[in-house]
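Spelled out from the first residue to the last, the chains are:
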Amino acid sequence: MLSTSELNEERINPLDTLELIVSQNEWPYERLGNEEIVAGINGDWCDFHMRYLWIDDKNILQCAGQMDVKIQPKKRADVLELITMLNERLDMGHFSIWSDDNSIMFRHSLVPPTNSGDIAVSCEMVTRTIIAEINRYFPVFQFIIWGGKSPNEAIEAAMLETVGNA
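Residues numbered from 1 in each chain as written. Predicted model: local features only at pLDDT ≥ 70, side-chain atom pairs only at ≥ 80, totals over all residues. Heavy atoms only, no water.

**Student:** Could you give an account of the overall build of the protein chain, naming the residues involved and the relevant values?
**Tutor:** On a plain count of helices and strands, the protein chain comes out with five helices and six strands. Overall, the protein chain shows an N-to-C arrangement of helices and strands of α-α-β-β-β-β-α-β-β-α-α. Out of the 166 residues belonging to the protein chain, those deemed buried represent 41%. Taking contacts inside the protein chain between residues at least 6 apart in sequence as the whole, the part at least 24 apart equals 52%. (Helix = DSSP H or I, 4+ residues; strand = E, 2+ residues; numbered from the N terminus. Buried < 20%, exposed > 50% of the residue type's maximum accessible area, 1.4 Å probe, protein only. Contact = heavy atoms within 4.5 Å.)

**Student:** Account for the side chain of Gln66, with residues named and values stated.
**Tutor:** When you line up the elements, Gln66 lands in strand β4 (residues 60-70). One polar contact links Gln66 to Asp101, side chain to side chain, over a distance of 3.4 Å. (Polar contact = N/O pair within 3.5 Å; in protein donor to acceptor, adjacent residues only side chain to side chain.)

**Student:** I'd like a description of the sheet that holds β4, backed by residues and values.
**Tutor:** If you walk across this open sheet you meet the six strands as β1-β2-β3-β4-β6-β5, and the pairing is antiparallel. Two strands bound the open sheet, and with one partner strand each, they are β1 (29-32) and β5 (94-98). Neighbouring strand axes in the sheet, compared pairwise and without regard to direction, differ in orientation by 25° on average. Summarising the sheet, strand β3 (residues 47-55) and β4 pair through eight bridges and their orientation is antiparallel. Within the sheet, the bridge partner assigned to Trp54 lies in β4 and is Leu61. Helix-sheet contacts for helix α2 (residues 14-24) involve β1, β2 (36-42), β3 and β4, and the interaxial angle to β1 is about 165°. Packed onto the sheet, helix α3 (residues 76-87) meets β5 and β6 (103-110) and runs at close to 160° relative to β5. (Pairing = 2+ DSSP bridges. Axes fitted to C-alpha atoms, helices over the stretch in contact; angles between N-to-C directions.)

**Student:** I'd like a description of α3, backed by residues and values.
**Tutor:** Here α3 spans 16 Å end to end across 12 residues, near enough to the 16 Å set by a 1.5 Å rise per residue. When we look at burial in α3, the residues that qualify are Val79, Leu82, Ile83, Met85 and Leu86. Buried residues of α3, seen end-on, are gathered within an arc of 165° and therefore sit on one face of the element. (Expected span 1.5 Å × (residues − 1). Arc of directions from axis to C-beta.)

In structure tokens, the structure reads:
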């Protein structure tokens, strides 16, 4: 059986793989040592920052899409209610409010596989999921923050499913 130190020596830093993914997508980014990458993403509705944080000693990769949306104190309760409702719909990851600056983010953490090919697949999947969920739900947040709608009204207004074609 391998010891913990042997496992740590064999571990691949997933940020190396993520740096390739980010550069292939031509997203502007900054790599902060062996622990973090921050990239700028142009979403369908808003620009946001993708943050990848590698916690080596715990073998955890934290990924978050941080939207450039600040929540006013009077809207916080409605946004938190909305987040609870949205998180019930998600298969992977979750929305939250970053308490440092009251911004909305979508987060997901994973324990990367040891195979470099599998790391690439996992990193790509998490990145695509974060972008898709932010693109999907950003209008819902806007209906509450700027539109004055309740959480239920915001979901109904933004999540209309179209039938047929024009």
